[in-house]
Structures are given as C-alpha cells and as structure tokens.
Amino acid sequence: MRALSSLLLLVALPVALSVKTQDFKTCSQASFCRRGRALASRAQENVSSWKSPYSVDADSLAISSDQALFTARVKSSLYPDIKFGLDVRVHDDGVVRVRLDEIDGLRKRYDEAASWALVAEPKISQDIKWTVGKNEVRATHGKKKDVEVIVAFEPLKVTLLRGGKEQVVLNGRGLLHMEHFRTKLAAQPSDIPEEALDAEDAQTVLSANNPRSWFEGDSEDGYWDEQWLSWTDSKPKGPESLSLDITFPNHGHVYGIPQHATSLSLRTTTGESPYYTDPYRLYNADTFEYLADSTMSLYGSIPLMHAHSADSTVAVFNAVGSETWIDIAHPTPKSTETQWISESGILDVFIIPGPTPEAVFEQYARLTGAQALPADWSLGYHQCRWNYVNSDDVRQVQAKFDEEDIPVDVFWLDIEYAEEHKYFIWDKKNFPDPLDMVNDVSANARKMVVIIDPHLKRTSSYPVYQEAVDNGVLVKTKDGNEYEGWCWSGSSAWVDFFNPTSWDWWKGLFKTYPIEGKFTWVDSTEDVHIWNDMNEPAIFNGPEISMPRDNIHHGGWEHRDVHNINGMLFSNLTSQAVMARSDPPKRPFVLTRSFYAGSQRFGAMWTGDNLGSWEHMAVGIKMVLANSLSGFAFSGSDVGGFFGNPEPEMLVRWYQVGAFSPFFRAHAHIDTKRREPYLLDEPYKSIVKDILRLRYSMLPIWYTTFREASVRGIPVVRPHYVVIPHDEKGFAIDDQFWVGGSGLLVKPVTEKGVTETTVYLPAEDQVYYDYFTHQAYRSAPKGKNITVPAALHQVPLFIRGGSILPTRERPRRSSPLMKKDPFTLRVALDKSGNARGELYLDDGVTYNHREGQIVWREFKASKAGKGIKLSSHDLVRAKPTDAVDGVALASYNPTNDFAKSIAGVRVEKVVVLGLEKKPTSVKVAGGKEVTFEFIPGVAASGKKEGVSSVLIIKDPAVSVVTDWEIVVS
C-alpha cells in the first residue's frame, strides 16, 4: 500500500506518475557510501602500489584441535592500537564462514544479523584440517580434494579455489575497511551539510600531514552527525561503516541481492561505461510507484549474490542488517568485481562453494532455511483491492465469481476494514457481522486474508496499543522515550519485535477465543489469514519515509543496525501466531512486503506497489526470479498493477504472467476502477477465465514443485541458467523461465500488440512440445530461437521432452473442491522414448506430512520392446529422508491414513506425445485392455518438426496411491 509523504495527504490521495526519487538517498547523499566509493577510487588510481592495511598476526593463530576452525588477531597499519579478531570456519558442506570484529573497542558492533537469518548454528566440519604455512593458512576438502580455502596473512585475503581456479576472493583489491569506534575530538567542528548533495559540504578537513589520508581520505566526511533534508541523524557512535571487496575472477554473471527492479543478470554500476551510476542499494523502503529499471532500494533486502559461469556456480551471503550499497563491475566479460559498503555491523560472510546451481541452493537453505511448504489453497487465485467497502461487498464479489464459474480461493481486505485503522478492530458500521461474512466465504471452501500493519494508533482506547505500552515493548527514541511517528492510524507507535517480551504477547492477540485479562481477536476465525504491509517500517513523517536511524531497539541497538531485519521479525512472529492459534497447528498464510534472509521460512512476499504498465509487468518477472534465487520462492507481483487502470489487453497479459507466478494475486489502488475478471467484456472475460482454469488444472504441478523447494531450497520458478547451467546463451535470459523441475517452459508476453514471439530453446538435443497444440520443436546443441504464435488468448508454453505432468482437468470454484478429483497424465517422450515426473500430495493444511501422512509418486515412461511401459512408484519408500521439509521420516506406511482417504482418486486419462506409431494394444498390467485413441504425427525420436503424434489412453482407472504399470504394445 502506498505511503504518503506528509500527514496532510492522508485525506486526499493524489495520483502520482512515478516514484518521488527526491524522498530517497543516492550514494552521494549517504556519507558512509561516499566514503566507501572514494576508497575504491583511490585504490583504482593507485592500483600498482595499493596494499590493504589489514594483516593477520601469524603468532596469534589458534587452530581448533577437533574442528575446521581457527581464530587470529588482525592488525591495521593505519591504527596499530586498534584490535580486530578473525574467525574462519568450514562447515560440513564446505561453506566457509569468515567473521571479523573489533575487539575491546569503545563500543560493540552489531553482531546479531546472522542469528536472525540462520535456521540453526551450522555444524563445523571435524574432518577438514587447516595447514599453516609461512604466509598463509589453508584447508583442502571436497570429494576430489579439489576445493581449497587459503587465508593469506599480509595483506589479509581469503580465497576459495576449485581445481586450482579462483572462485571467490575477499579483499583481493584491498578495499576492506572496518571503521573502528573512536572519540570525537572536542576541537573538531561538527559536520552538518546543508543538503548532503555535495561531498565537500559534508567534510571536516583533517590535518595536511595525516598519514592515513592515502587510505581514508583527507576529511571526516559525515563522521559525527548528518543532515538530510529536514532530518538530522545524531550518529552517537560516530563512524562505523564496513567496506569489503568480493571478487569472482572466473564468473561473468552475478544474480540476486533482491529487491531491485532490474534485470536478472545484474548490470554494472562502476568500471568502464557502467549501465547504472549508483550502486545497488539494500535499505528496506516504501518506494511506491518505483522505477522499472533502477538500483534503488525497494521493500526487502537479501544480501545474497550468486555468481555463475559455464564451469561452476558459487555464492556469497553477507550477513549484515544495516543499509548496504553494492557496486558491480566486469573488468573482463568473464569476471566480476563487487564492493559492499555497509553502514554498521561486523564482517560475517558465508562463501557458498557450489559448484552447481542446485548445490548452491541446498547450501544456502541449510543456512537460512528452505521455503515453507504452503497451504495448498494459497497456490490458487487471490482477489484483492483497496478496499472492498463492506461485508455485503465481499459477499457480492464472491457471488459474481460463482455466477461466472470463475475459480478463486481467497478474498482480501485492506486497511479500511479496521476502525480508524486500529488493526484487529472491525469497523462495525461497514463490517457489522465479520464472523458471518467470513463463514459465508468459508462455506464455499474459501479463505479470507486481512491486513495487519505494524503501526499502532496511540490511544489508550485501543487495547493492542495499551497492552504494548504496559508490556514495555515499543520502539524508543534516542532519548529513551516512546517513539511517535505518523502512518495510516495517525499518531502511531511501533512494536519492537527484537524484544523477546513481545513474542508471546503478539502471538496471543491472534487467538480466536477470549482470554481473561487480555485482548484476543474473537471476531476472527481460523479461515482468516494475514497480510503484513508497511513493515519496512513505512513512516510518513520519517526520513526516507521510514524510522530515524538513531531510534533504539531492545539491547540498546540503534535502528540503523537492524533496519533491514526489522520487517522480517514482524511477519515471522505473525506467521507463528497464525500457526499457534490452532490446536493442532495449521499451516499459516502470511504475506509480507518487507523481508530479509530467512523470511522464506514463514510465508510469501510480493513485489510491492507497482504500476499498471507494460514495463512493470515485464520487470515483475525478473524480480520474482531474483527473489526465487535468493531463497524466497513464494513470490509474485500484483496482477494488473496496483496503480492505474490497465487496458483489457494489458490486464489479460498480466493474468497470464500471474498464472505462472508462485503467488497469484490481483490487487488495485482505491482510486482505480473495479477490475475483477467478471467485469471484463468479451472476449477478455473468457480468456481470463481460461487462464485461471489453466492455473487450477496445474495446481498439482505447483504443489509438487513447492515440496522440492521446501526440502532442498530449489526455486519454484527457475531461470534458464539454473536448468541448463552450461548454456552461455541463456545466462542473461529473464523473460522466460521454468516451473520447477516439471519440464514446463513458459514465456509470458509483456508487450502490447504481440501476435507472435521468439522463444529460446536451450543448447541440447531435445524435443519441446507446445502444451496446447502439441507442435514439436527441436532444440540444437548450440541453442535455437523459434518463432511461435502468441495472440492474446495464447500463452507460449512448452513441455520439455522427458517430462510427465500430473493435472486435474475438472473445473471447480475453489481448489479444496478438487481434492478428490481424478488426474490426467501428460507424457512428453524424449528422443529416447523415456519420460518421468512426480506427484506430491498431503492434506494441504496441517503438519501431518511430517508424520508420513503423504503420497509422493514417481511416474515413468520407458522403452519396452517396440512399445513403452508407463509406471508409478512410491518415492517415499525410496527416499524417506528427502520426502518432507524439516524432518527425515523415521517410519512410513504406504497405506497411511491420508493415502487411504484418497485411495479412490484415479488417473482418468493419459496423453502420450511423440510415439513412433500406433500401438496395437494398451493394457494395465494384471488387468484388462484399455480403450485408446491414436492421432498420427511427428515422433519424438525423429528429426522432423510438426504436430506430434498423440496417444490418448482413456480411463485406465489406476490409483494415484499404488504401484502400477500400463503396457503400450
């Protein structure tokens, strides 16, 4: 939801055309970023003589006797009296963690970012050993003993190598600088720039004979306080920023560090002819109406960067919670240099060795956790706007969907449901019967999502605020008083979720039954789930529409230290609250706008307040892919754009994008025209209806893909390089993508007036089938572009040869009504006549899957004489440790209660693409002949293109819970 730049705008909402860039800082307006970039410039100007002042004191080296861990003191030649401590460890899976902190300083640097992000403390290897040399310490590991970690002493440099080839280098360019805590000298004047637009205005010039100026510069630029527009940041701790260069000497593409509206393969910000002039910024902000091509910070921050080449994939996770700027350069087409500049915090970097994309995802998931397995209904279609005006409006919208037989699973309520924007408190004038309204929605097997924002109206008549005051859990000002800011509720306060006292209190608010002595949400049910917005936090009268950096959180930490983590705690605690209100617990659905590393463990995210434009539609795909690479797979963009009134063609295309996004929601601003699908004229209404039915038919594919994401951390939607990592032509492709490991390749149309489009088929000798027409296309060993029809009613969608897709083809009004429906299997044969696919099922709402209450099947097609054999096998029995998220199944019964409950669910149709010739018989092994139809066409094994042959096996009546074989002779 858009934030307003002043309280006066709370009543009258102007329609703006684009983001107010003047409300947000550039690097030149942030003193610590200026200092970091200036350091890099000095190093570049003196590259031949430049040497990092940081070195390891070899005499202080202490190596653990039973773990791959060592510690040492680090010295800075700039400040010999300042002490730093280095801690390097190698985890069981080869991840290298490097920590550097100031020791015995005037103050303590913030060192808790990783504790919020990590799912558990990683296990340090007991097998890998460090070897100490004269100039370095090193460790070798890996199955082939080809992975090496080298920590050079002087200057300090950390290098990860594979096969003798440098993969990741820390401080290779000598840009490491941890600004130590110091005392402000009384004789030095305060530096308060007028607008912070010119670096010279912000500098206190140091003595001309300053021996450190070669490294730090000749001025104290913004050390002690900093003014920007009308706000002054008091900076009571003085300078404490951290600069670090991270180089990928043999990787020419880098990805990740969401959230930015930009290309998937990140473009340059420095070096020769950079694409952008400002670094990528990580500073969670309410950047509504954001630019569609920019390095500006948006709503969430995940400081994770992947680097990829045809040879290997690696990544770095920089566990820092403060504002961070990242410069990117390509000194050569096959190498990447980056500089990370953070306002505060320790150095805590995880080097993730890969060497494949899948290995990187699994290693990162072991650190911060995998995407939570969502409730199955949450993968359906969500209908939202700001705002459905009353309870009868909700009922009427639901009735219209049903009249038109358009499927939908969830209806949403924005802020206007709440009396004076006091969340949890219904506006009884417009919503006099909230429980009846929710139950009317639930009667159709649907859910509701209601918004809960983090700002609490400051009035004693609001029980949630008063309890927060009584519990002492509100954020404080620098002076220790309750912080007051302005948001939708007017004068507001914010809960400090870093304070453990707030946790149980917050979870208790969501109970749907009365508890003596405290507020609970009795006007709610377990069919109401939650939307957390504005949690960056967004504050209308704050600097950069957010919280002052010198505000104080639990433990005495300043807001600057934890800003990017703050929003994650709000949604994480809300998720735990929704789960805990049920006994036994049920899977919560919580949508968050702000996020950090680890947020994926607790819910879904969306890309914020986008515009109804073709550019925003296109960049939304790239943003979802970037989030998916960074662990947060349950993501999507608002269909139609939050702002504006998209024309019917654009809206149809946006529904096609949404249908292939993990999170699928339509949303709109209060000033926009109503645009629910049933309001469209023909043919647009029927096209959107078909798109929604396509999504619902594919829900088994999406849910099966989410199972893999929840166990292994592999993205739900995957860019080209993840699926075909050797194909260099695909490394920068971000307008087409794959749905998990299903074999589905989709290229949504994001331009006006398109009737045909170009799709890239990867570098492999494989057949691809059009999902709808069964047209067979041939890829090539060097890759191949094909031109395909893409009229408004057409989605370019292909099945990779070798795939089997389980779908449910009977239209229903909501996904829970499909649970007992039969399946159709689409078998897309590869050139060898083989194929495979998976189907995962559980009850979709509880955690009983962790007790083995599941069905996980593998479907296979293989050559059998002159025909093929189709079969189903139990994957749980074959892979009990890989079946479900979070646990290894200790025991498993194929006839578990859930399997029994769907024992009658059958396969009602099998469609086989690419058979060489018409079969003479189709028979279920141990059973009778099955009726079939064969349509001649192109065979998978040939070289021709054209409509493929189609074999339709009619109602083989085999169960989805048992082993079976179908023999096609």
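Residues numbered from 1 in each chain as written. Predicted model: local features only at pLDDT ≥ 70, side-chain atom pairs only at ≥ 80, totals over all residues. Heavy atoms only, no water.

As recorded in an unreviewed UniProt entry, the chain goes by Glucosidase II subunit alpha and comes from Somion occarium. Here is the UniProt Pathway (unreviewed entry) comment for the chain, exactly as written: "Glycan metabolism; N-glycan metabolism." UniProt annotates the chain under Subcellular location (unreviewed entry) with the comment "Endoplasmic reticulum". (UniProt positions renumbered as here; feature names shortened; annotations may be inferred.)

### Concerning the overall build of the chain
Along its length, the chain carries 16 helices and 54 strands. In terms of overall dimensions, the chain is globule-like: its C-alpha atoms have a radius of gyration of 29 Å, near the 30 Å expected for 969 residues. Seen along its three principal axes, the alpha-carbon backbone of the chain occupies a region of about 95 × 70 × 55 Å. Scored against the burial criterion, the 969 residues of the chain give a buried share of 64%. Residue pairs in contact within the chain that sit at least 24 positions apart in sequence constitute 71% of those at least 6 positions apart. As displayed, the chain has an accessible area near 33,900 Å², and 50% of this comes from carbon and sulfur atoms. Here the chain contributes 106 positive and 125 negative side-chain charges, whose respective centroids are spaced 7 Å apart. (Helix = DSSP H or I, 4+ residues; strand = E, 2+ residues; numbered from the N terminus. Rg over C-alpha atoms; globule rule 2.2 N^0.38 Å. Buried < 20%, exposed > 50% of the residue type's maximum accessible area, 1.4 Å probe, protein only. Contact = heavy atoms within 4.5 Å. Areas by Shrake-Rupley, 256 points an atom, 1.4 Å probe, with all protein chains shown as cover. Lys, Arg positive; Asp, Glu negative; His and termini not counted. Charge placed at Lys NZ, Arg CZ, Asp CG, Glu CD.)

### Focus on the state of the cysteines
Tallying each qualifying case throughout the model produces one disulfide. A sulfur-sulfur distance of 2.0 Å marks the disulfide that ties C27 to C33. The S-S bond linking C27 to C33 shows a torsion near -100 degrees; that makes this disulfide left-handed. C487 takes part in no disulfide bond, and the closest cysteine sulfur to it belongs to C384, at a distance of 17 Å. What makes C487 buried here is its relative accessible area of 0%. (Disulfide = S-S within 2.5 Å.)

### Description of the packing of aromatic side chains
On inspection of all chains with the given rule, the structure shows 54 aromatic pairs. Each ring, one from Y771 and one from F772, has its centre 5.2 Å from the other, and the planes form 80 degrees; the classification is edge-to-face. Since its relative accessible area comes to 4%, Y771 is described here as buried. Under the relative-accessibility criterion, F772 is labelled partly exposed at 42%. (Phe/Tyr/Trp six-rings, centres within 6.5 Å; stacked < 30°, edge-to-face > 60°.)

### Let's talk about the pairing of strand β48 (residues 867–874)
Counting buried residues in β48 gives six out of eight residues, a clear majority hidden from the surface. Between strand β47 (residues 855–864) and β48, which pair antiparallel in sequence order, lie two residues; one of them, G865, sits at a positive phi of approximately 65 degrees. As judged from the five bridges shared by β48 and strand β54 (residues 964–968), these two strands associate in the antiparallel manner. Looking at the pairing, S872 lines up with W964 of β54. (Pairing = 2+ DSSP bridges.)

### Comments concerning the sheet that holds strand β34 (residues 638–639)
The strands that make up a sheet are held in pairs by hydrogen bonds between backbone atoms, and each pair lies either parallel or antiparallel. Judged by pairing direction, the sheet is parallel, and its nine strands sit side by side in the order β33-β32-β31-β30-β26-β25-β24-β35-β34 without closing on themselves. Pairing within the sheet leaves two strands with one partner each, and these edge strands are β33 (635–636) and β34. Across four bridges, strand β26 (residues 447–451) lies against strand β30 (residues 528–532) in parallel orientation. Of the residues in β30, the one forming a bridge with I451 is W531.

### So, the environment of S803
Inspection of the secondary structure puts S803 in strand β44 (residues 803–807). S803 sits 57 residues away from K860 along the chain, and the two C-alpha atoms are 8.8 Å apart. S803 has contacts with S742, G743, R826, V827, A828, A835 and R836, leaving out every residue within four places of it along the chain. Of note is the side chain of S803, whose polar atom sits 2.8 Å from the backbone oxygen of R800. (Polar contact = N/O pair within 3.5 Å; in protein donor to acceptor, adjacent residues only side chain to side chain.)

### A short note on the environment of E965
Counting through the fold element by element, E965 comes out in strand β54. Along the sequence, E965 and D127 sit 838 residues apart, while their C-alpha atoms lie 46 Å from each other.

### Brief notes about the UniProt feature "domain: DUF5110" (unreviewed entry) in the chain
Here the UniProt-annotated "domain: DUF5110" (unreviewed entry) positions come out as residues 823–871. In residues 823–871, helix accounts for 0% and strand for 57%; the two terminal C-alpha atoms are 15 Å from one another.

### Regarding the packing of helix α12 (residues 684–697) against helix α13 (residues 699–712)
It is the contact of α12 with α13, at a shortest axis distance of 4 Å, that shows an interaxial angle of 50 degrees. Overall, the two elements α12 and α13 adopt an arrangement that is oblique. Between α12 and α13, the residues in contact are R695, Y696 and S697 and L699, P700 and W702, respectively. By residue class, the composition of the contact of α12 with α13 is four nonpolar, one polar and one charged. (Axes fitted to C-alpha atoms, helices over the stretch in contact; angles between N-to-C directions. Parallel < 35°, antiparallel > 145°, perpendicular 65-115°, else oblique. Nonpolar A, V, L, I, M, F, W, Y, C, P; charged D, E, K, R; others polar.)

### Here's the deal with helix α9 (residues 559–580)
Approximately 50 degrees is the largest bend angle found in α9, and it occurs at I565. Of all 22 residues in α9, 19 are buried, a share of seventy percent or more. (Bend = angle between axes of the 7 residues up to and from the residue.)

### Observations regarding the pattern of salt bridges
Throughout the structure, instances matching the rule amount to 76 salt bridges. Linking E323 and R281 is a salt bridge whose minimum nitrogen-to-oxygen distance equals 2.8 Å. Of this pair, E323 sits in the loop between β20 (313–318) and β21 (324–329) while R281 sits in strand β18 (residues 280–282); the two residues are 42 residues apart in sequence, bridging distant segments of the chain. The pair formed by E323 and R281 is uniform in burial state, with each residue classed as buried. (Salt bridge = Lys/Arg side-chain N within 4 Å of Asp/Glu carboxyl O.)

### Some remarks on the sheet that holds strand β41 (residues 775–778)
Taken together, the seven strands give an open sheet; going across it, the order is β36-β37-β38-β43-β40-β41-β52, and neighbouring strands pair in antiparallel fashion. The outermost strands of the open sheet, each flanked by one partner alone, are β36 (717–718) and β52 (946–947). Pairing of β36 with strand β37 (residues 737–739) involves two bridges; the strand directions are antiparallel. Looking at β37, one finds that V717 is bridged to V739. Contacts from α13 reach β36, β37 and β38 (744–746), with the element oriented near 95 degrees to β37.

### Digging into helix α1 (residues 31–45)
Residues separated by three or four positions in an α-helix point in the same direction, a consequence of the helix having 3.6 residues per turn. The end-to-end C-alpha distance of α1, which contains 15 residues, comes to 21 Å, matching closely the 21 Å that a straight helix rising 1.5 Å per residue would cover. Those residues of α1 not exposed but buried are S31, F32, C33, R34, R35, G36, L39, A40, R42 and A43. (Expected span 1.5 Å × (residues − 1).)

### Description of unusual backbone geometry
Cis geometry is found at the peptide bond from G354 to P355, where omega equals 20 degrees. Looking at where P355 falls in the secondary structure, it is placed in the loop between β23 (347–352) and α4 (357–368). Residue L229 is not a glycine yet carries a positive backbone phi of 50 degrees. Mapped onto the secondary structure, L229 falls in the loop between β14 (226–228) and β15 (231–233). L229 sits in the partly exposed class, given a relative accessible area of 34%. Of note, S273 is a non-glycine position whose phi angle comes to about 50 degrees, a positive value. Looking at where S273 falls in the secondary structure, it is placed in the loop between β17 (253–256) and β18.

### Quick look at the pairing of strand β40 (residues 767–770)
On β40, burial covers both faces: V767 and Y769 on one face and Y768 and D770 on the other are all buried. Alignment of β40 against β41, held across three bridges, turns out to be antiparallel. Within the sheet, the bridge partner assigned to Y769 lies in β41 and is A776. Counting the residues between successive antiparallel strands, the hairpin from β40 to β41 contains four residues, one of them, H774, with a positive phi of roughly 70 degrees. Examined bridge by bridge, β40 and strand β43 (residues 797–800) share three bridges and lie antiparallel to one another. Its bridge partner lying in β43, Y769 is registered against I799.

### Structural notes on the side chain of D427
By secondary structure assignment, the location of D427 is in the loop between β25 (410–413) and α6 (434–442). For the buried D427, no salt bridge is present, and the opposite-charge side chain at shortest range is K429, 7.2 Å distant. A polar contact of 3.0 Å, which involves the side chain of D427, links it to the side chain of N430.

### Looking at the nonpolar core
If you look at the biggest cluster of nonpolar residues, it comprises 221 residues, and the most contacted ones within it are Y417, F424 and F660. Considering every element that reaches this core, the biggest residue donor is helix α10 (residues 614–629), with nine residues. Those residues within four positions of F424 in sequence are excluded, and the remaining contacts are Y417, I452, Y462, V464, W506, L509, F510, F519 and W521. (Core = buried A, V, L, I, M, F, W, Y, C linked by side-chain atoms within 4.5 Å.)

### Thoughts on the packing of helix α5 (residues 391–403) against α6
Between α5 and α6, whose axes approach to 10 Å, the crossing angle comes to 10 degrees. Considering the angle they form, α5 stands roughly parallel to α6. Touching S391, V394, R395 and Q398 of α5 are D436, M437, D440 and V441, all from α6. Each residue belonging to the contact of α5 with α6 can be placed in one class, and the counts come to three nonpolar, two polar and three charged.

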